[in-house]
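Structural description and commentary
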Amino acid sequence: MASTRRRPRRLTVRDASITGADGKTYRPILRGEARRALLDDLAASYEIGSSIRDLVEDRGLPFGTVRLYLAEAGVTMRPRGDRYRNA
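Because the structure is a prediction, the values reported are computed rather than measured. (Residues numbered from 1 in each chain as written. Predicted model: local features only at pLDDT ≥ 70, side-chain atom pairs only at ≥ 80, totals over all residues. Heavy atoms only, no water.)

As a further point, take the overall build of the protein chain. For the protein chain, the helix and strand inventory stands at three helices and two strands. From first element to last, N terminus to C terminus, the protein chain shows the α and β order β-β-α-α-α. Across the 87 residues in the protein chain, those meeting the buried criterion constitute 18%. Considering only contacts within the protein chain whose residues lie at least 6 apart along the sequence, 39% involve residues at least 24 apart. Of the roughly 7400 Å² of accessible surface on the protein chain, 48% is carried by carbon and sulfur atoms. (Helix = DSSP H or I, 4+ residues; strand = E, 2+ residues; numbered from the N terminus. Buried < 20%, exposed > 50% of the residue type's maximum accessible area, 1.4 Å probe, protein only. Contact = heavy atoms within 4.5 Å. Areas by Shrake-Rupley, 256 points an atom, 1.4 Å probe, with all protein chains shown as cover.)

This is the structure in structure tokens:
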């Protein structure tokens, strides 16, 4: 007989990261002014020349999240690779 156990729900918190029952640390979901401030900061850094990887290291966020935030901020992405950096 197949197990009927449900997968644990993702935790959503706004104030601080927390540790779930599975031992993983969950980051708060940013909304409102905090999200807008982060989007503006990421967009400004990217537009002056920081790479997505630089932003990932600086902010401690996953690559996909940074890319999603940049797209949400309306940033036009540069082509991939270093060969375009100083062209």
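Attention now goes to the packing of aromatic side chains. Per the counting criterion, the structure on display carries zero aromatic pairs. Above the ring of Tyr46, the side-chain terminus of Arg78 is found at 4.0 Å from the ring centroid. (Phe/Tyr/Trp six-rings, centres within 6.5 Å; stacked < 30°, edge-to-face > 60°. Lys NZ or Arg CZ within 6 Å of the ring centre and 35° of its normal.)

Right, let's get into the confidence of the model for the protein chain. When pLDDT is averaged along the protein chain, the result is 76; 70% of the residues meet or exceed 70. Within the protein chain, the lowest mean pLDDT, 64, falls on strand E1 (residues 18-19), and the highest, 93, falls on helix H3 (residues 63-72). A low-confidence stretch, residues 7-16 stays under pLDDT 50, and its non-local contacts, those more than four residues away or across chains, total 12 contacts. (pLDDT = per-residue confidence, 0-100.)

Attention shifts here to helix H2 (residues 52-59). Quick reminder: α-helices carry 3.6 residues per turn. Residues three or four places apart thus point the same way. Within the sequence span of H2, burial applies to Ile52, Leu55 and Val56. Along the axis of H2, the buried positions cluster into a sector of 105°, meaning they face one direction only. The outward face of H2, more than 90 degrees from its buried face, is lined by the exposed residues Arg53, Glu57 and Asp58. Where H2 is buried, its residues touch helix H1 (32-47) and H3. After H2 finishes, the residue Gly60 shows a positive phi value of roughly 70°. (Arc of directions from axis to C-beta.)

On the secondary structure map, Ser51 appears in the loop between H1 and H2. A polar contact of 3.0 Å, which involves the side chain of Ser51, links it to the backbone nitrogen of Asp54. (Polar contact = N/O pair within 3.5 Å; in protein donor to acceptor, adjacent residues only side chain to side chain.)

Turning our attention to H3. Taken as a whole, H3 has its buried residues at Val66, Tyr69 and Leu70. When H3 is viewed along its axis, its buried side chains cluster within an angular range of 100° and face the same direction. Buried residues in H3 make contact with H1 and H2. After H3 finishes, the residue Gly74 shows a positive phi value of roughly 85°.

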